[in-house]
Amino acid sequence: MSHASNFIRNIVEEDNRINRWGGRVETRFPPEPNGYLHIGHAKSICLNFGLAHDYKGICHLRFDDTNPEKETQEYVDSILDSVKWLGFDWGEHLHYSSDYFDKLYEFSEYLINQGKAYVDSLTIEEIREQRGTLTKVGHNSPYRERSVTENLDLFRRMKLGEFADGRHVLRAKISMASPNINLRDPVIYRIRRNHHHRTGDKWCIYPMYDYTHCISDALENITHSICTLEFEDHRPLYDWILTQLKTLVSCHPQQIEFARLKLTYTVMSKRILLELVENKLVAGWDDPRMPTLVGLRRRGYTPESIRMFAERIGVSKADSWIDMGVLEDCLRENLNVRAQRRIAVLRPLKLIIDNYPDSLEEECFAPNHPQKPEWGRRILPLSKTIYIEREDFMEEPVKGYYRLAPGAEVRLRYAYIVKCVNVVKNSSGKIKEIHCTYDPDTKSGTSGAKIRKVKGNIHWLSSKYAQKGEIRLYDRLFSHPHPESRDYTAHLNPHSKKTISAFIESSLKKAQPEEYFQFERNGYFVIDRKDTKPGRPVFNRAVTLKDSWGKRK
RNA sequence: UGGGGAGUCGCCAAGUGGUAAGGCACUGGGUUUUGAUCCCAGCAUUCGUAGGUUCGAUCCCUACCUCCCCAGCCA
């Protein structure tokens, strides 16, 4: 696949040209295991792994696990699984920031010795007050000038667990007057007695992100440390720390920031995603309406479609909104070429062919893919009574409608042309069944089929052979393009999930989890990987087909 | 209003002193037993605004406007 150029690729190519890294390209995807990966992470994964792949480099998967309060093994496992599912391989390069806790500790003693870090004993509130504001400089802590000996003693005792949580912190000694708040003596270690999913209870002090991330990158010999825009003004701190440590770690990666993905009609915030799950507004992290990778997977998204999406939206520093339609379209594009075609009647309406012999049954042949004859065809049995889609009949057709209507003719796909001769209603006026006559000379595949052309072409299933199947019709979770900017619960789409019992081809009963199909004229569906039981498939609608008629209405 | 960023077609996004790529969407037309797919064509005299430099500016300079991020012992 060829790639559009973007500013990060330009940087990499320039670096290679001037031999900045000896031709190495080493990136990393650094998730915090405190939630499930979502489509926004997919953009970053594709970027980092894609870059490494294209420039014959390496991409690490590194868990940024420095806050045990929120991180769990469950999240680690799901992240591993999702990255793999997306199609990327980290090989030997699976790392955890917690792997570096010893080094990180050692480096901070070094900083103390260099007079570049000190133990502060202010309370959290006091630190906040002394930090100043966006427009006012901060003030030095009274503990800022403690001696190296005292700092070392205190810091070692912090590590040994002699102090209560929050009693002291280790701070980098930079400048309380910096216009960049991140440089106003940032906290780099805090005391926190939490069980860590990997290091257990070994530590009661944990390093902060800014301190940990740059060092982890350096220790792993990362060349290009790619992150999102909000870390732009953390870059001076990233560089400051590595500069102080240059005699201990020689690698100094370049941090590059890009705009995170924003998608309409959904939310990307971890907080809201968590709330949706915890408040049972969705069925779980893998609810097919969730923008999580596990959710998209259940919905029917393929890894290819997501990678195509990442490629299509590009990478830049301009924060922008991508329309959900772009994602949906990538899925259509991928499923169109890979999904076998089948028939399902979602909202059945009984149709009786009056002049079709009671005992007659005929085989009709339907190709498994209209553009791939090599995929073969299957038999669709036709009988006197069939089901068609309620939508394919209108008693009083509107202008431009060319499906069935009283007196109108339409082709039963892969079978005959029929003409509607009667409409039968029940006592309450609802249409119960419709009656047609067929033209025996028009069977698909015979020479007679070419004689008469009709514009309408509708799908159907023999009432005798059609099977019942559970189909879940999913739609966008939110009805507002920007649900996050307001009370998102007020904009949940009440029609985002509808479970129906539909008629399906009998062969579909044997379909396996994660098999994809196009139900002709209805959309793309996947067999649910969770709720499907042998012989009892559950279908999830991944996305509808494009519908220029529906759009016109 | 301190600091850091961004503004190129409806939505993304290349280009960066030589006269605006591409994708998606959209609009026509063709093919088609999916109102699908596919194909073909059209779609920014203009690059946030105003000045300036230049033979020539989206690109350089100046000023301005708009939007985003930052005051966690979160990442």
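Above this text sits the structure in question.
Every value quoted in this text rests on a predicted model; they were computed, and no experiment measured them.

1. Overview of the sheet that holds strand β24 (residues 523-527)
Pairing is mixed across the open sheet formed by 7 strands, whose spatial order is β10-β23-β24-β25-β21-β22-β11. In this open sheet, the two edge strands, each paired with only one partner strand, are β10 (340-342) and β11 (344-345). With 3 bridges connecting them, β10 and strand β23 (residues 516-519) associate as parallel partners. The residue bridging Gln340 from the neighbouring strand is Phe517, located in β23. The sheet contacts of helix α12 (residues 324-338) involve β10, β23, β24 and β25 (538-544), and relative to β25 the element is tilted by about 120 degrees.

2. Notes on helix α2 (residues 39-54)
Helix length check: α2, at 16 residues, gives a terminal C-alpha distance of 22 Å against a target of 22 Å (1.5 Å per residue), a fit within 8%. Lys56 occupies a position one or two residues after α2 and carries a positive phi of about 55 degrees.

3. Describing the protein's contact with RNA strand B
Lining the immediate surroundings of RNA strand B are 69 residues, of which Ser316, Arg341, Arg403, Ser444 and Lys551 lie closest. Across the atoms of RNA strand B situated within 4 Å of the protein, the share located in sugar and phosphate is 66%. In this structure, a sugar or linking oxygen belonging to RNA strand B sits 2.8 Å away from a side-chain N or O atom of Asn67. In the model, a sugar or linking oxygen of RNA strand B is placed 3.0 Å from a nitrogen or oxygen of the Arg413 side chain. Only α1 (7-17), α5 (124-130), β6 (187-191), α11 (303-313), α12 and α13 (548-552) provide two or more residues apiece to the surface near RNA strand B. For the surface near RNA strand B, the leading source of residues is α13, giving 4 residues. When its residues are assigned to classes, the surface near RNA strand B shows 23 nonpolar, 21 polar and 25 charged.

4. Structural notes on the environment of Trp285
Within the secondary structure, Trp285 is located in the loop between α9 (270-278) and α10 (293-299). For the pair Trp285 and Leu274, spaced 11 residues apart in sequence, the C-alpha to C-alpha distance is 8.1 Å. In this structure, Trp285 is in contact with Gly35, Tyr36, Tyr75, Leu273, Leu274, Val277, Met290, Thr292, Val294 and Gly295, ignoring residues within four places of it in sequence.

What counts and what doesn't
- Residues numbered from 1 in each chain as written.
- Chains lettered and ligands numbered in written order.
- Predicted model: local features only at pLDDT ≥ 70, side-chain atom pairs only at ≥ 80, totals over all residues.
- Heavy atoms only, no water.
- Pairing = 2+ DSSP bridges.
- Helix = DSSP H or I, 4+ residues; strand = E, 2+ residues; numbered from the N terminus.
- Contact = heavy atoms within 4.5 Å.
- Axes fitted to C-alpha atoms, helices over the stretch in contact; angles between N-to-C directions.
- Expected span 1.5 Å × (residues − 1).
- Near = heavy atom within 4 Å.
- Polar contact = N/O pair within 3.5 Å; in protein donor to acceptor, adjacent residues only side chain to side chain.
- Nonpolar A, V, L, I, M, F, W, Y, C, P; charged D, E, K, R; others polar.

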